[in-house]
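Residue strings, one per chain:
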Amino acid sequence: MTESGEERVARLLRRLPPAPEAWVAAAAELPRARKQLDDIVARAEADVAFRAALIADLETALEAEGYEPQPLLVEELRRRLAH
Amino acid sequence: MQTGDATSPALAEILDGFARDLPAPGGGTAAGIVAALAAALVTKAAHASSESWTEAAGVLAQASLLRDRCVRLADADARAFAAALSALDGKDEALVDRLDQAAEVPLQIADAAADVAALAAVAAECCEGAFRADAATAAVFAEAAARAAARLVEVNLTVTGGDPRLHRAQRFVADAAASAARALDAGR
Amino acid sequence: MRPRRPRGLSTQAADSCFDQDVTQDSELVARCLKDDPAAWEELVARYSRYVYAIVVQAYRFSDHDAEDAFQDVFLRVYDRLGSLRDPEAFRPWIAQLTRRVCLDRLSHAGREEPAEVVEPPQVEAALDELDEAFDIHEALATLPGNCREILDRFFTRDESYRTIGDALELPAGTIASRISRCLVKLRDELEGRSGPILESGGQRER
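Residues numbered from 1 in each chain as written. Chains lettered and ligands numbered in written order. Predicted model: local features only at pLDDT ≥ 70, side-chain atom pairs only at ≥ 80, totals over all residues. Heavy atoms only, no water.

Summed over the entire model, instances satisfying the criterion amount to one disulfide over all chains. Each disulfide pairs two cysteine sulfurs, and for C:Cys147 the partner residue is C:Cys182, the sulfurs being separated by 2.0 Å. Residues C:Cys147 and C:Cys182 are joined by a disulfide whose S-S torsion is about -80°; by sign, that bridge is left-handed. In this pair, C:Cys147 is assigned in helix α6 (residues 145–155) and C:Cys182 in helix α8 (residues 175–194), connecting sequence segments 35 residues apart. There is no split in this pair, since C:Cys147 and C:Cys182 are both buried. Free of any disulfide, B:Cys126 has its nearest neighbouring cysteine sulfur in B:Cys127, separated by 8.0 Å. (Disulfide = S-S within 2.5 Å. Helix = DSSP H or I, 4+ residues; strand = E, 2+ residues; numbered from the N terminus. Buried < 20%, exposed > 50% of the residue type's maximum accessible area, 1.4 Å probe, protein only.)

A separate point is the interface of chain B and chain A. Think of interface size as the accessible area that goes away when the parts come together; that is how it is often given. Tallying the contact residues gives nine residues for chain B and six residues for chain A. When the two sides are added together, the surface that chain B and chain A hide from each other amounts to roughly 560 Å², 62% of it contributed by carbon and sulfur. Sorting the residues of chain B by area buried against chain A places B:His47, B:Ala57 and B:Ala61 first, and these three jointly supply 53% of that buried surface. Counting across the interface, chain B meets chain A through one salt bridge. For A:Arg14, the salt bridge is made with B:Asp68, and the minimal N-O distance between the two is 2.8 Å. In this structure, the connection of chain B to chain A is made through one residue pair in polar contact (both at pLDDT 80 or more). (Contact = heavy atoms within 4.5 Å. Buried area = accessible area lost by both parts, 1.4 Å probe. Salt bridge = Lys/Arg side-chain N within 4 Å of Asp/Glu carboxyl O. Polar contact = N/O pair within 3.5 Å; in protein donor to acceptor, adjacent residues only side chain to side chain.)

In this section: the pattern of salt bridges. Tallying each qualifying case throughout the model produces 45 salt bridges over all chains. Here A:Glu3 makes a salt bridge to A:Arg11, at a shortest N to O gap of 2.6 Å. In this structure A:Arg11 comes out as buried when scored by relative accessible area, which is 16%. The residue C:Asp79 makes a salt bridge to A:Arg34 at a minimum N-O spacing of 2.6 Å. Here C:Asp79, found in helix α3 (residues 63–80), pairs with A:Arg34, found in helix α3 (residues 30–46), and the two come from separate chains. On the accessibility criterion, A:Arg34 (10% relative accessible area) is buried. Overlapping salt bridges bring together A:Glu3, A:Arg8, A:Arg11, A:Arg15, C:Glu129 and C:Glu132 as one network.

All names here are of chain A. At a minimum axis separation of 5 Å, α3 and helix α4 (residues 48–56) run at an interaxial angle of 120°. It follows from the interaxial angle that α3 and α4 lie oblique. Along this stretch, α3 crosses α4, giving a crossing that reads as left-handed. For the pair α3 and α4, the contacting residues are Ile40, Arg43, Ala44, Glu45 and Ala46 in the first and Val48, Phe50, Arg51 and Leu54 in the second. (Axes fitted to C-alpha atoms, helices over the stretch in contact; angles between N-to-C directions. Parallel < 35°, antiparallel > 145°, perpendicular 65-115°, else oblique. Left-handed = near helix turned anticlockwise from the far one by under 90°.)

Attention now moves to the nonpolar core. Residues C:Phe74, C:Phe90, C:Leu151, C:Phe155 and C:Leu186 are the most contacted members of the largest nonpolar core, which totals 139 residues. When residues in this core are grouped by element, the largest group, 16 residues, is from helix α4 (residues 95–126) of chain B. Contacts of C:Phe90, omitting those with residues within four sequence positions, involve C:Asp25, C:Val29, C:Leu43, C:Tyr47, C:Val77, C:Leu81 and C:Leu84. (Core = buried A, V, L, I, M, F, W, Y, C linked by side-chain atoms within 4.5 Å.)

Bringing the packing of aromatic side chains into the picture now. Per the counting criterion, the structure on display carries 13 aromatic pairs over all chains. Both rings, one in C:Phe154 and one in C:Tyr161, keep their centres 5.4 Å apart while their planes meet at 20°; by these two values the pair is stacked. The pair formed by C:Phe154 and C:Tyr161 is uniform in burial state, with each residue classed as buried. Taken together, A:Trp23, C:Trp40, C:Tyr52, C:Phe70, C:Phe74 and C:Tyr78 form an aromatic cluster joined through their ring pairs. For the cation-ring pair, A:Arg43 lies above A:Phe50, with the distance from its terminal atom to the ring centre recorded as 3.8 Å. The residue whose ring lies beneath B:Arg69 is C:Phe154, and the NZ or CZ to ring-centre distance is 5.3 Å. (Phe/Tyr/Trp six-rings, centres within 6.5 Å; stacked < 30°, edge-to-face > 60°. Lys NZ or Arg CZ within 6 Å of the ring centre and 35° of its normal.)

At the junction of the two partners, chain C supplies 52 residues and chain A supplies 32 residues. Here chain C and chain A share an interface that buries about 4,000 Å² over both sides, 65% of which is from carbon and sulfur atoms. On the surface where chain C and chain A come into contact, there are five salt bridges. A:Arg15 is the salt-bridge partner of C:Glu129, the closest N and O atoms lying 2.2 Å from each other. Applying the counting rule to chain C against chain A returns eleven residue pairs in polar contact (both at pLDDT 80 or more). Secondary-structure elements contributing two or more residues to the side of chain C that touches chain A are α2 (37–58), α3, α5 (123–140), α6 and α8 of chain C. For the side of chain C that touches chain A, the element with the highest residue contribution is α3(C), accounting for eleven residues. Grouping the constituent residues of the side of chain C that touches chain A by class yields 25 nonpolar, ten polar and 17 charged. (Nonpolar A, V, L, I, M, F, W, Y, C, P; charged D, E, K, R; others polar.)

Set out below in structure tokens:
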């Protein structure tokens, strides 16, 4: 059976459902999260005790400071603190 | 399936699955399958009318989606029902969630079946004459599926008298019934 | 500040498929490079479906892996946007970047050392279809308000006629016919852009 124009359009419309809202929201937050990360690194460079707390237990130290650690940014923070 | 293949092995196997002395697949899955079958009949009527009815292609696209949706829900019902039974047996901590899902899926089946009935009514009014009875049949089947699924919502343990899901299920049944009546009138 | 949406339209602001005055990708990219947060949100909203579809449909990642890949893609977009030579070609660029993220994850999956992986066989065909699907969504954005909403809600958000009718304050019994008419409008819009959509040669799956 051949496919009409409308059927083809409908079939292709169905190929792009929305991404989960939480994922989109997290991605939209990247610039703000990246700025937070830069601030954390700057503070860690100036404050030895803070740096030590981050290296000892990164997620706990971030949560204690009121940050919500996003996995990919935590990974990047870990990398930057290691240098 | 060709003419005369109504008792093909594949169909017999599906029917045997429902006939077994096991809780699943049960009424919810059957309702989903009946609604999907109704959607397939709408597809037939629309396809046969592609030359004479300008909206046939649009109706066909919708019937195709509704068929997929009903099949997915039929599968989901079997899984949700099995999970609920398992939770009841094992005093699962997620019991309430599992039972809730066992009510949610038939509610969605009733909603989808109401849509199939609505689409079938449109087809019964506009499709090629030779296929109007098929479209009307589709509407009647879809109404039945909506009623069956709504009943399953009612008997679910987590759904009590004031639950808004009961009202929604009843609304879907009313929608489906109105569509079926319209389709049967059109077919006369 | 985003313009207020007319009554009855979706308030799901995470999705900008509905803006009739569509900003070109090149302009969005330029604004992102000047640290415009609204432009970044718009870019994410515009391409979130595309990236999600590539990861889940073309590469068939599980939910957990798909989420990581999705975030990784936009992190790389954010970091590397300045290296995009032709801002008009943002779409193929993000597609390529997404492919690279997915292949990197496949090559690392469960291994201590990354391994060479062959791209799964279904990817190329899936990407071609998703590209066409994106064209269709772009055309959808140019349709009148109710048509955009109705088609998107039914075909991509899995909403029923009753749900759509309630949301848009339209009788549920009229939704099916409206969908058919809106599909015709969308088809006409696409044909206006690129010539007749195939009525033969494209095969139905059943």
